[in-house]
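Now for the letters of each chain:
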Amino acid sequence: EGADIVEKQASKAEGLKRLCDYYGVSMADTVAFGDSMNDYEIIQQAGIGVAMGNAEEDVKKIANYVCESNDDDGVLYVIDQFMRD
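Residues numbered from 1 in each chain as written. Predicted model: local features only at pLDDT ≥ 70, side-chain atom pairs only at ≥ 80, totals over all residues. Heavy atoms only, no water.

Okay, the pairing of strand S2 (residues 48-51) next. Remark: a regular strand shows side chains that alternate across the two faces of the sheet. Bridge analysis of strand S1 (residues 31-34) against S2 gives four bridges, and the strand direction is parallel. By the bridge assignment, Gly34 is partnered in S2 with Ala51. Chirality of the crossover, the property in question, places the unit of S1, helix H2 (residues 40-45) and S2 among those that are right-handed. Pairing of S2 with strand S3 (residues 65-66) involves two bridges; the strand directions are parallel. Along S3, the bridge assignment pairs Val50 with Tyr65. Note that the unit made of S2, helix H3 (residues 57-62) and S3 has a crossover that is right-handed. (Pairing = 2+ DSSP bridges. Helix = DSSP H or I, 4+ residues; strand = E, 2+ residues; numbered from the N terminus. Right-handed = clockwise from strand over helix to strand, strands pointing away.)

Right, let's talk about the side chain of Ser36 for a bit. Residue position: Ser36 is located in the loop between S1 and H2. At 2.5 Å, the side chain of Ser36 forms a polar contact with the side chain of Asn38. Beyond its immediate chain neighbours, meaning those up to four positions away, Ser36 contacts Glu56 and Val59. (Polar contact = N/O pair within 3.5 Å; in protein donor to acceptor, adjacent residues only side chain to side chain. Contact = heavy atoms within 4.5 Å.)

Our focus in this paragraph is helix H1 (residues 12-23). Over its 12 residues, H1 runs 17 Å from end to end, which matches the ideal 16 Å to within 8%, given 1.5 Å per residue. Listed in full, the buried residues belonging to H1 are Ala13, Leu16 and Cys20. The arc that holds every buried residue of H1, seen down its axis, measures 60 degrees, which confines them to one face. With respect to the buried face of H1, the exposed residues turned more than 90 degrees away are Asp21 and Tyr22. In this fold, the buried residues of H1 make contact with H2. (Expected span 1.5 Å × (residues − 1). Buried < 20%, exposed > 50% of the residue type's maximum accessible area, 1.4 Å probe, protein only. Arc of directions from axis to C-beta.)

Next comes the structure, spelled out in structure tokens:
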């Protein structure tokens, strides 16, 4: 088990928004991956939200796509299948 410590106003989704603002990228053009409830907001707000196969059920429910687990190269699979030019 582990723990995340963040300031009250911070979240992964807020960090993604800040990056998008900085680089002039639309949130609609982003992809976020996650597996736990601390990823819920970023998966929900990214253009494409991907839950890992080992994700909590509530995360899977709001994701646009559920891929293989992190132990089975799920991120690589999504990049290979959906992110090609």
